[in-house]
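# Close look at the chain arrangement
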Amino acid sequence: MDKLLITGGRPLSGEVRVSGAKNAALPIMCAALLTDQPLELDNVPKLMDVRTMAKLLGLMGVQVGPQADGRLQLQAAQIKDPVAGYELVKTMRASVLVLGPLLARCGRAKVSLPGGCAIGARPVDQHVKGLQGMGAVITVEHGYMNASAKRLKGARIVMDVVTVTGTENLMLAACLAEGTTVLENAAREPEVVDLANCLKAMGARIEGAGTDVIRIEGVGSLSGAKYRVMPDRIESGTYLAATAATSGKLRLTHAAPQTLSATLEKLREAGADIAVTQDSILIEMARRPRAVSLSTAPYPGLATDMQAQFMALDCIASGTGQITETIFENRFMHALELQRLGADISIHDKTAVVKGVERLQGARVMATDLRASASLVVAGLIAQGETLIDRIYHLDRGYEGLEHKLSSLGAKIARVR
Ligand code: UD1
């Protein structure tokens, strides 16, 4: 199995182009299920999760074109089999995003329950409850959700927790429902807005995406569209954190700084100089970073997907940072691996207390999930000597061309067997 070998201790320096957002591309690909016309996407990142979604849609009869230069065409002229099987769903929880659109388009769907997850329980009860509110009958048998509805009906749905894919699933379904759906306590993440914009380009009537109340007026049919996926704010944040941690200098191009306010604020607090334009971010860290404390929160708060990378930064910062995780109950797995590199971290329930040390030392570590892997990469770039990261298939799910991009910034990094 592939591993990543990093020889740390060099500041990152140079320019990197941000890829399209994984967490926007996945729901947008599912929007293709809502029309028999082609959906032509641009800025789709080349990632394992995108390939997994393409495979899942392909198995249902969606025609999936080749992915080249960020372009990907999907056409669901007919849906043969509205089924998402366990084999694929278990490898990618976002597969559950097919449930809403399949139900809206075909009147039935069979989708595997995703099961457990390395970072917490992650139930899908809000997806199910919302669709039931729209008239679907959903039963669970042999590990599968069996859903049916003649035609979904618009409804007022108040979500009990803020859920990103839950909001997206219901928004996708509501586009073809009869009447108006109002989603309250909706997620405000930029990826929800990006999906809404794509759906609007397809003819959907949606208002309020980006606020906590989204109104969707159902239409009889949607058309195809051309749509460009937004830049990845978590990939952006990861490179920014890595630059700050290594006291380097970086320009991100093709970025969306307006989606990164909370991250940029924390990096400034750590001592970074940051300048933004409409689509670029310049960061320079001329000193050892100062420790930052943070608490994760739904957007516009600090993303849980950035928590692990900030923890890596705090490991070598001056002072002590307190990092509180409020979204997922088990998202500190990386702390134990960071300790193997010499970090001083103690965990008290939902809070990790990170006392900055002068330097980390390279060691063998193991990636446990996507963003945990990213924090180990950041730590490996800072650590003295060689860090060997095992199970990097997690990184391939979410970071396009990671070694290539980091090498171009002066990092010594290689994929080894
Ligand atoms: C999405 C992102 C993921 C990010 C997360 C939180 C995608 C593909 N993934 O995941 O990268 O870390 O948002 O920003 O966009 N919950 C329930 N019931 C539900 C659904 C969720 O209790 O039906 C809980 C979860 O257990 C969690 C919280 O709500 O504690 C937020 O989860 P959610 O926003 O749904 O995360 P995802 O959409 O799976």
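This structure is a prediction, so every number in the text was calculated from the model and none was measured. (Residues numbered from 1 in each chain as written. Predicted model: local features only at pLDDT ≥ 70, side-chain atom pairs only at ≥ 80, totals over all residues. Heavy atoms only, no water.)

### A few points about the site of the ligand
Formally: Near is defined per residue: the residue qualifies when any heavy atom it owns lies within 4 Å of the molecule or strand. Polar contacts, as used here, are pairs of N or O atoms within 3.5 Å; protein pairs need one atom able to donate a hydrogen and one able to accept it. Residues neighboring in sequence count only if both atoms are side-chain atoms. Here the Shrake-Rupley method, with its probe set to 1.4 Å, supplies the accessible areas, and only the displayed protein chains count as covering residues. Runs of E in the DSSP output that reach at least two residues are strands. Runs of H or I that reach at least four are helices, and both are numbered from the N terminus.
Residues in close proximity to the ligand total 18 residues, the closest being Gln-126, Thr-163, Thr-165, Asp-305 and Ile-327. Within the side chain of Asp-125, a nitrogen or oxygen atom sits 2.7 Å from a nitrogen atom of the ligand. Notes on the ligand: free accessible area 740 Å², of which the protein chains cover 85%. Where the shell around the ligand is concerned, the elements lending two or more residues are helix H5 (125–133) and helix H6 (164–174). Among the elements that take part in the shell around the ligand, H5 stands out by supplying three residues, more than any other.

### Topic: the packing of helix H8 (residues 233–245) against helix H9 (residues 261–269)
Just so we agree on the cut-off: Note on method: axes are straight lines fitted to C-alpha atoms, helices fitted across the in-contact stretch only, with angles between N-to-C directions ranging 0 to 180 degrees. An angle below 35 degrees is read as roughly parallel, one above 145 as roughly antiparallel, one from 65 to 115 as roughly perpendicular, and any other as oblique. Working rule for contacts: check all heavy atoms of both residues, and any pair within 4.5 Å makes them a contact. Residues are grouped as follows: nonpolar covers Ala, Val, Leu, Ile, Met, Phe, Trp, Tyr, Cys and Pro; charged covers Asp, Glu, Lys and Arg; every other residue, Gly included, is treated as polar.
Packing of H8 against H9 brings their axes to within 11 Å, and their N-to-C directions diverge by 0°. The pairing of H8 with H9 is recorded here as roughly parallel in orientation. From H8, Gly-237, Leu-240, Ala-241 and Ala-244 reach across to H9, where they touch Thr-263, Leu-264 and Leu-267. For the contact of H8 with H9, the residue count by class is five nonpolar, two polar and no charged.

### Brief notes about the pattern of salt bridges
Our working definition: Each reported salt bridge corresponds to a side-chain nitrogen of Lys or Arg within 4 Å of a carboxyl oxygen of Asp or Glu. When accessible area is computed with a 1.4 Å probe and restricted to protein chains, residues below 20% of their type maximum are described as buried, those above 50% as exposed, and intermediate ones as partly exposed.
Going through the model one piece at a time under the given rule, you end up with 19 salt bridges. Its salt-bridge partner being Asp-305, residue Arg-371 comes within 4.0 Å of it at the nearest N-O pair. Linking Arg-371 in helix H12 (residues 370–382) with Asp-305 in the loop between strand E18 (294–295) and helix H10 (307–315), this pair joins segments that are 66 residues apart in sequence. On the basis of relative accessibility, which here comes to 3%, the residue Arg-371 falls in the buried class. Here Asp-305 falls in the buried class, since its relative accessible area comes to 17%. Salt-bridge contacts for Glu-403 lead to Arg-415; the nearest nitrogen and oxygen are separated by 2.7 Å.

### Looking at the sheet that holds strand E11 (residues 180–184)
To keep things clear, this is the line we draw: Think of it this way: DSSP has to see at least two bridges between two strands before they count as a pair.
Reading across from one edge, E10-E11-E13-E12 is the order of the four strands in this open sheet, with mixed pairing throughout. Strands at the two margins of the open sheet, each flanked by one partner only, are strand E10 (156–158) and strand E12 (205–207). Strand-to-strand, the axes of this sheet are offset by a mean angle of 15°, without reference to chain direction. Judged from the three bridges that link them, E10 and E11 form a sheet pairing that is parallel. Bridged to Val-158 within E11 is Glu-184.

### Quick look at the nonpolar core
Short version of the rule: In this text, buried Ala, Val, Leu, Ile, Met, Phe, Trp, Tyr and Cys residues form a nonpolar core when linked through side-chain atoms within 4.5 Å.
Grouped together as the largest cluster of nonpolar side chains are 80 residues, with contacts concentrated most on Val-98, Met-171 and Leu-199. Looking at which element gives the most residues to this core, the answer is helix H1 (residues 22–31), with seven residues. Once you skip the residues sitting within four places of it in the chain, Met-171 turns out to touch Leu-183, Val-192, Leu-195, Ala-196, Leu-199, Ile-206, Ile-214 and Ile-216.

### Some thoughts on H8
Put simply, the rule is: What a helix is expected to span follows from its residue count: subtract one and scale by 1.5 Å.
Over its 13 residues, H8 runs 18 Å from end to end, which matches the ideal 18 Å to within 8%, given 1.5 Å per residue. H8 sits mainly inside the fold: 13 of its 13 residues count as buried. Capping the start of H8 is the job of one residue whose side-chain oxygen sits 2.9 Å from the backbone nitrogen of Ile-234: Asp-232. Once H8 finishes, Ser-247 follows within two positions and takes phi at roughly 55°, a positive value.

### Here we look at the sheet that holds strand E19 (residues 320–324)
Strand order in the open sheet formed by four strands is E18-E19-E21-E20, with mixed pairing between adjacent strands. The sheet is open, and its two borders are formed by E18 and strand E20 (344–348), each paired with just one other strand. The pairing of E18 with E19 spans two bridges and is classified as parallel. Its bridge partner lying in E19, Ser-295 is registered against Thr-324. The strands touched by H10 within the sheet are E18, E19, E20 and strand E21 (351–355), with E21 carrying the most contacts at an inclination of about 30°.

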